[in-house]
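# Geometric and topological summary
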Amino acid sequence: MIQSVELKNITKRFPGVLANDHINLRVNAGEIVALLGENGAGKSTLMKILYGMYRPDEGEICINDQAVTISSPNDALRQGIGMIHQHFQLVPGFTVVENVALGLKSSRGPLTDLDVVSRRMLELAKQYGLQVDPSAYVWQLAVGQQQRVEIIKALYRNASLLILDEPTAVLTPNEVDEFFNILRRLRENGHALIFISHKLQEVMAISDRVTVLRGGRVVGEVATRDTTKQELAQMMVGRQVITRWEKQAAQETEPILRVQNLTVLGDKNLPAVKNLSLHVCPGEILGIAGVSGNGQRELAEAIAGLRRATTGSITSEGREIANHSPAHIIHSNIAFIPEERMLMGVVREFSVAQNAILETHDQLPYSRYTFFNFSAVNQTAARLVNDFEVKTPSLETPIKVLSGGNIQKLILARELERAPRFLLAAQPTRGVDIGATEYIHRRLIEQRARGTAILLISEDLEEVIALSDRVAVMYEGEIVGVLPPTTPVEELGLYMAGAKRA
Amino acid sequence: MILQLLAPAVLIGIATSGILLATPYLYAALGEMFGQISGVLNLGVEGIMLVAAFAAYYVVYSSGNLIAGLAVAIVVGALMGLLMAFISITLKAEQGISGIGVYLFGLGLSDLLFRVTIGTPTPVNGFPSLQIPFLSDLPVLGPVLFSQNILVYGAFLFVPFSWFALNKTTIGLKIRAVGQTPEAADSLGISVAGVRYLTVTFGGAMAGIAGASLSIALLNIFQQNLTSGLGFIAVALVYFGGWRPLRIMLGALLFSMVSALQLWIQTLGLGLPSDIAGMLPYVLTIIALIFAARQIVTQPTALTKPFERGE
Ligand SMILES: Nc1ncnc2c1ncn2[C@@H]1O[C@H](COP(=O)(O)OP(=O)(O)O)[C@@H](O)[C@H]1O
Ligand SMILES: [Mg+2]
């Protein structure tokens, strides 16, 4: 059983980056330590060192005040260290129970004992309120459910130190509350927990102590009860940040986007969006709140032309766009910030400049008679990068090496460059740090002021509340209520959980 | 004249030799399948088969001991599999290219050794056919299914064995995980390289048996390029079968039956130019692969991708 784990003077260099610079961190049994920092601060690197995935260049790890070497995840697991990664470590083609059983000793020797694992897994799931179907395939699960599988995996392996790398990014407020209850239960049982986040509210709510990282260095270490959100934000970003936005009241006018009686099938060929209707007016942000996997993704894909609408209509400025090609929709003054930015928002291997003109590359001034006009391309790309504060080494850099926040800024720049009448923003700040989030929010508010109709789909309820003029809550493919953003969070939570509908 | 092909004796003949000819495909393709499911494409199967075929032949030629010949083929195959594993897993070489290298190496080495040691193709006594009591007396089915040599039975038993190993054992779970999401397997303490070494070496050993089945069970002879493309077809069969043992077996049977049919067309002198008849199996592979490519299967998404931590 782990009494304490201590990281001493850990330093880790990557080519050109000092990811961890002499970091000290201690966590004791029965304690939750939050590791707070923006994207790229070095949190994941530090935790991967603790989990044996990277070797530190300097420094040592002590468990129960004894120096240990952890040179592989296997070592870490044996020492009782479990990790839930930011990017889920699940095999999509496996069932839930196969994922849990993977790498475990079987009670039947060389043969798998999936039924045994399944039974114990369900016990754990019940004990901690982590409902998930053991025989479902992981690729069919929503992100929130996949996370539950990850948690079960770690619990199943009797980890006494749990490292949670941004675990709440995909959860709803109610789910976060439940999740925190699990963490508290673990803490009471003498587990040690390291909770990584860049959400201040959560850090304040759950942790006992906070260590703040910035640029690979520890910039602050405080007991949670002795600090405030403002102080933490300032430590983390190094300056003041805005989270409340002033905006003019929106006017009810002729809507730009109208969705009527829309039904869309999900991956399992069951209706994921059911007879849904909504509208968005110019100069208005309609926020869609909801637990992940309640049809938001399918709704967004149907509007963007990436998924067939079985019934119903989608009109933009009066023209039908349902089941039109994505290219047609893009060229109808509609902009789309997709949920999966690396998959659908950019071409990973392409340069920043190429990605900046992805949708208009075959039009003047970027190309003529199929030949590129590179100076026009670079000129626009340079302007977008500059205007939107995209941090990139150069325009030729492959986009995949940029941080999530910077990639998202470039996507936003590209989409807004087309001066859209309607903007569909799906999870625009998922996995994006506070600084970039603040920036993206400001741009969305500005675009709203210019009269663009914006449909914001987000699992981050705070974001929806901060930006929206109206909040529509989606539950099991339906809109169960359209509420003002001033509605108390607890009440919105009830709608999101399906316990209440208008 | 087509009717001549439908005569019962001819049909039984085609079925019998089809099943016989499926043997090397089954060993090679199912062995290769394990490697591919774990994420390694071994294009060197043909070369491994050649060297193992020679090794088995040489042992049987000089000692007459069939079991020793088979054992040596397995060891030689495993060693060459290990070589391929080292090149593609440890050295992280481009798998398509290194496999061709292993093939060329095997082709040259087997021919060289043959010339130095024996020189002229001389028949040996291979594995005799094994009549299964009672069952071999059945009409039609008896001679087709139950009067083959032991390596043929082994090849078909290898089909359910492979399915079982992949789907019902812990190592099978690891193999599939490593080929789909090596990072996930790695994070659970599974050695990605270890699993891949195991499957590629095992695949090599199976390619060794495939080679031996040609030189000491089916043809009972060795000559330059004895396998003549069989190992490559085995690799194609893995794709064709969508990495599933039963479908790979169906593919192997289809292919070997067409090969047998083609031989009969030539034997019966049906007036089809022999070159055209000889092309049949290959044309068929291409067509089959085109159709197989359209189906959705759970393919090993990390196939041919070397694993590097933290990417
Ligand atoms: N495998 C790697 N190779 C090179 N650089 C890396 C690697 N992993 C992380 N980095 C860099 O190290 C820094 C810290 O990254 P990370 O630990 O992921 O930050 P965080 O988890 O706090 O967002 C970043 O600048 C990142 O680009
Ligand atoms: Mg991180």
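Placed above this text is the structure.
Residues numbered from 1 in each chain as written. Chains lettered and ligands numbered in written order. Predicted model: local features only at pLDDT ≥ 70, side-chain atom pairs only at ≥ 80, totals over all residues. Heavy atoms only, no water.

This part is about the overall build of chain A. A tally of regular secondary structure across chain A gives 17 helices and 22 strands. For a compact globule of 502 residues, the expected C-alpha radius of gyration is about 23 Å, and chain A comes in at 24 Å, within 12% of that figure. In terms of principal-axis extent, the alpha carbons of chain A reach across some 70 × 50 × 50 Å. Relative to its full complement of 502 residues, chain A shows a buried share of 57%. Put simply, chain A shows about 21300 Å² of open surface, and 49% of that area lies on carbon and sulfur atoms. Placing the 53 positive and 57 negative side-chain charges of chain A at their respective mean positions leaves the two points 2 Å apart. (Helix = DSSP H or I, 4+ residues; strand = E, 2+ residues; numbered from the N terminus. Rg over C-alpha atoms; globule rule 2.2 N^0.38 Å. Buried < 20%, exposed > 50% of the residue type's maximum accessible area, 1.4 Å probe, protein only. Areas by Shrake-Rupley, 256 points an atom, 1.4 Å probe, with all protein chains shown as cover. Lys, Arg positive; Asp, Glu negative; His and termini not counted. Charge placed at Lys NZ, Arg CZ, Asp CG, Glu CD.)

This part is about the overall build of chain B. In terms of regular secondary structure, chain B is built from 13 helices and 0 strands. In chain B, the succession of helices and strands from N to C terminus is α-α-α-α-α-α-α-α-α-α-α-α-α. At 20 Å, chain B has a C-alpha radius of gyration in line with the 19 Å of a compact globule built from 311 residues. Burial analysis of chain B (311 residues in total) assigns 54% to the buried set. Contacts in chain B between residues at least 24 apart in sequence constitute 77% of all its contacts with a sequence separation of at least 6. When the accessible surface of chain B is totalled, it reaches about 13400 Å², and 72% of it is carbon and sulfur. Taken together, the 11 basic and 10 acidic charged side chains of chain B have centroids lying 10 Å from each other. (Contact = heavy atoms within 4.5 Å.)

Counting 139 residues, the largest nonpolar core has Leu183 and Phe195 of chain A as the members making the most contacts within it. Counting residues in each nonpolar core, the second largest holds 37 residues, with Ala356, Val385, Leu416 and Tyr439 of chain A among its members. (Core = buried A, V, L, I, M, F, W, Y, C linked by side-chain atoms within 4.5 Å.)

Attention shifts here to the sheet that holds strand E5 (residues 66-68) of chain A. Residues and elements named next belong to chain A. Taken together, 4 strands build an open sheet; the order of strands is E2-E1-E4-E5 and the sheet is antiparallel. Two strands in the sheet have a free side with no partner beyond their single neighbour: strand E2 (17-28) and E5. Strand-to-strand, the axes of this sheet are offset by a mean angle of 30°, without reference to chain direction. Here 5 bridges tie strand E1 (residues 4-14) to strand E4 (residues 58-63), and the two strands are oriented antiparallel to one another. Counterpart to leucine 7 in the pairing with E4 is isoleucine 61. (Pairing = 2+ DSSP bridges. Axes fitted to C-alpha atoms, helices over the stretch in contact; angles between N-to-C directions.)

On to the environment of glutamate 252 of chain A. Residue and element names in this part refer to chain A. Note on placement: glutamate 252 falls in the loop between helix H8 (229-237) and strand E11 (257-265). A C-alpha to C-alpha distance of 6.6 Å links glutamate 252 and cysteine 281, two positions 29 residues apart in sequence. What glutamate 252 contacts, discounting residues up to four positions off in sequence, is His279, Cys281, Glu284 and Arg470.

With that settled, the discussion passes to the site of ligand 1. What surrounds ligand 1 is a group of 13 residues, the closest being Gly40, Gly42, Lys43, Ser44 and Thr45 of chain A. With respect to ligand 1, the chains having nearby residues are chains A and B. Alanine 41 of chain A has a polar backbone atom sitting 3.2 Å from an oxygen atom of ligand 1. In this structure, glycine 42 of chain A approaches ligand 1 through a main-chain N or O atom, which is 2.9 Å from an oxygen atom. Relative to its free-state accessible area of 560 Å², ligand 1 is covered by the protein chains to the extent of 69%. Those elements that provide at least two residues to the shell around ligand 1 are E2 and helix H1 (43-50) of chain A. (Near = heavy atom within 4 Å. Polar contact = N/O pair within 3.5 Å; in protein donor to acceptor, adjacent residues only side chain to side chain.)

All names here are of chain A. Counting across every chain of the model gives 34 salt bridges over all chains. A salt bridge links arginine 187 to aspartate 208; its shortest N-O distance comes to 2.9 Å. Of the two residues, arginine 187 is situated in helix H6 (residues 173-188) and aspartate 208 in the loop between helix H7 (200-206) and strand E9 (209-214); the sequence distance between them amounts to 21 residues. Accessibility expressed as a relative area gives 27% for aspartate 208, which makes it partly exposed. (Salt bridge = Lys/Arg side-chain N within 4 Å of Asp/Glu carboxyl O.)

To continue, consider the packing of helix H7 (residues 150-168) of chain B against helix H10 (residues 192-218) of chain B. Residues and elements named next belong to chain B. In the contact formed by H7 and H10, the axes pass within 11 Å of each other and the chain directions differ by 155°. It follows that H7 is roughly antiparallel to H10 by the angle criterion. Read as a crossing pair, H7 and H10 show a hand that is left-handed. In contact with Leu151, Phe158 and Phe161 of H7, H10 contributes Phe202, Met206, Ile209, Ser213 and Ala217. (Parallel < 35°, antiparallel > 145°, perpendicular 65-115°, else oblique. Left-handed = near helix turned anticlockwise from the far one by under 90°.)

Turning our attention to the environment of glycine 108 of chain B. Note on placement: glycine 108 of chain B falls in helix H5 (residues 95-117). Between the C-alpha atom of glycine 108 of chain B and that of tyrosine 27 of chain B, which follows or precedes it by 81 residues, the distance is 22 Å.

Let's shift gears to the interface of chain B and chain A. On the chain A side, the residues contacting the 21 residues of chain B number 27 residues. Regarding the contact of chain B and chain A, the summed buried area is about 1900 Å², with carbon and sulfur atoms giving 64% of it. Here chain B and chain A share 1 salt bridge between them. One salt bridge connects glutamate 98 of chain A with arginine 176 of chain B, and the closest N-O pair in it is separated by 3.1 Å. One can count 7 residue pairs in polar contact (both at pLDDT 80 or more) joining chain B with chain A. Considering each element in turn, the side of chain B that touches chain A owes the most residues, 6 residues, to helix H8 (residues 170-180) of chain B. (Buried area = accessible area lost by both parts, 1.4 Å probe.)

Let us look at the pairing of strand E8 (residues 192-197) of chain A. All names here are of chain A. For E8, a buried count of 6 out of 6 residues is recorded, marking the element as mostly surrounded by other parts of the structure. Pairing analysis gives 6 bridges linking strand E3 (residues 31-37) to E8, with the strands arranged parallel. Paired with isoleucine 32 across the bridge in E8 is leucine 193. As defined by bridge partners, strand E7 (residues 161-165) adjoins E8 across 5 bridges and the pair is classed as parallel. Bridge assignment links leucine 161 to a residue of E8, and that residue is alanine 192.

Time to look at a nonpolar patch on the surface. Residue and element names in this part refer to chain B. A surface patch of nonpolar side chains, about 580 Å² in accessible area, is lined by Met279, Val283, Ile286, Ile287, Ile290 and Phe291. With respect to the helices and strands, the residue isoleucine 286 is situated in helix H13 (residues 274-292). Of the residues examined, isoleucine 286 reaches a relative accessible area of 55% and is grouped as exposed. (Patch = residues over 30% accessible without salt bridge, like charges linked within 9 Å, V, L, I, M, F, W, Y side chains within 5 Å.)

Residue and element names in this part refer to chain B. Contact geometry for helix H3 (residues 45-63) and H5: axes closest at 6 Å, N-to-C directions at 20°. The angle between H3 and H5 falls in the class roughly parallel. The hand of the H3/H5 crossing is left-handed. Of the residues in H5, those in contact with Glu46, Gly47, Ile48, Leu50, Val51, Phe54, Tyr57 and Tyr58 of H3 are Val102, Tyr103, Gly106, Leu107, Leu109, Ser110, Leu113, Phe114 and Thr117. Residue classes in the contact of H3 with H5 are distributed as 12 nonpolar, 4 polar and 1 charged. (Nonpolar A, V, L, I, M, F, W, Y, C, P; charged D, E, K, R; others polar.)

All names here are of chain A. As judged from the 8 bridges shared by E1 and E2, these two strands associate in the antiparallel manner. Paired with valine 5 across the bridge in E2 is valine 27. Hairpin connection of E1 to E2: 2 residues between the antiparallel strands, including glycine 16 at a positive phi of 85°.

Attention shifts here to empty space enclosed by the protein. As enumerated under the stated definition, the model contains 4 cavities of 30 Å³ or more in all. What the largest cavity holds in volume is close to 90 Å³. Forming the boundary of the largest cavity are Tyr51, Leu77, Gly82, Met83, His85, Gln89, Glu150, Lys153, Ala154 and Arg157 of chain A together with Ser187 and Leu188 of chain B. At 3 residues, helix H5 (residues 143-156) of chain A tops the list of elements feeding residues into the lining of the largest cavity. By residue class, the composition of the lining of the largest cavity is 5 nonpolar, 4 polar and 3 charged. (1 Å grid on protein atoms, 1.4 Å probe; cavity = no way out; pocket = protein on both sides within 12 Å on 5 of 7 lines; lining within 4 Å. Points joined across faces, edges and corners; volume = space filled by probe spheres on them.)

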